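# Survey of secondary and tertiary structure
Single-letter residue listing:
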Amino acid sequence: MEFLVSMIAIALMVIGAFGVIFMKRPLDKIIMFDIMDAGFVLVVVLFKYLDVALFAALAGPLSTLVFILSIVKIKEIRTNKIASGEAND
């Protein structure tokens, strides 16, 4: 049973890593990052590092929130540059 769970965790991390690399849209990259993070937390739990798993489980949603806020801010800056005519800088 543990072998099956470890294979699922490795598959989640690999799918998430390839998704982050090959996806074009930023929100798709965030979704793939979360899939990779789920696999990572599962691997950490399998190795019985529960304190690290607790921290990773708490830090994962916070990092996702920071990523989403940065995407919104970058989109806002790009929109303002295009509107003001500074798009060539």
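Look up: the structure comes first, before these words.
In this report, we go over the structure that sits alongside the text. As the structure is a computational prediction, the values presented were derived from the model and not from experiment.

Along its length, the protein chain carries 3 helices and 0 strands. Ordered by position from the N terminus, the helices and strands of the protein chain form the series α-α-α. On C-alpha atoms alone, the protein chain measures out to a radius of gyration of 17 Å, which is more than a quarter above the 12 Å that the 2.2 N^0.38 rule sets for 89 residues. With the C-alpha coordinates of the protein chain rotated into their principal frame, the extents come out at 60 × 25 × 15 Å. Within the span of the protein chain, comprising 89 residues, buried residues form 16% of the whole. In the protein chain, once contacts between residues fewer than 6 apart in sequence are set aside, the share between residues at least 24 apart is 47%. Total accessible area on the protein chain is roughly 6900 Å²; 76% of this is exposed by carbon and sulfur atoms. Taken together, the 8 basic and 8 acidic charged side chains of the protein chain have centroids lying 7 Å from each other.

Our focus in this paragraph is the packing of aromatic side chains. Two aromatic rings, taken as a pair, are described by how far apart their centres are and by the angle between their planes. The final tally for this structure, using the stated rule, is 2 aromatic pairs. Taken together, a centroid distance of 5.2 Å and an interplanar angle of 80° make the contact between F33 and F67 edge-to-face. Placement of F33 in helix α2 (residues 26-46) and of F67 in helix α3 (residues 50-84) is noted, with a sequence separation of 34 residues between them. Classification of F33 as partly exposed rests on a relative accessible area of 22%.

Moving on to unusual backbone geometry. Positioned with a positive phi, K48 is a non-glycine residue whose angle comes to about 65°. Mapped onto the elements of the fold, K48 is located in the loop between α2 and α3.

This part takes up helix α1 (residues 2-22). The end-to-end C-alpha distance of α1 is 30 Å, a good match for the 30 Å that 21 residues give at a rise of 1.5 Å each. Regarding α1, the residues found buried are A9, G16 and G19. The buried residues of α1 occupy one face: seen down the axis, they fall within an arc of 100°. Of the residues in α1, the exposed ones pointing more than 90 degrees away from the buried face are F3, I21 and F22.

Reading guide: rules and limits
Each chain has its residues counted from 1, running along the sequence as written. Totals for whole chains, interfaces and linings use every residue, but because this is a predicted model, local features are given only for residues with pLDDT of at least 70 and side-chain atom pairs only at 80 or more, for both listing and counting. Side-chain descriptors were evaluated using all non-hydrogen atoms of the structure, hydrogens and water having been removed beforehand. Counting from the N terminus, the helices are DSSP H or I runs at least four residues long and the strands are E runs at least two residues long. Atoms counted for the radius of gyration: C-alpha only. Globule rule: 2.2 Å times the number of residues to the power 0.38. Throughout this description, buried means an accessible area under 20% of the type-specific maximum (1.4 Å probe, protein chains only), exposed means over 50%, and partly exposed covers the range between. When checking whether two residues touch, look at their non-hydrogen atoms; a contact exists if any pair is within 4.5 Å. Method for areas: the Shrake-Rupley scheme with a 1.4 Å probe, in which residue coverage is limited to the protein chains shown. The charge count includes Lys and Arg as positive and Asp and Glu as negative, but it does not include His or the ends of the chains. Positions of charges follow a simple convention, taking NZ of Lys, CZ of Arg, CG of Asp or CD of Glu. Note on ring pairs: Phe, Tyr and Trp rings are taken, using the six-membered ring of Trp, and paired if centres are within 6.5 Å. Classes follow the plane angle, with under 30 degrees stacked, over 60 edge-to-face and the rest tilted. By this rule the span expected of a helix is its residue count minus one, scaled by 1.5 Å. The arc under discussion is defined with respect to the helix axis, by the directions toward the C-beta atoms.

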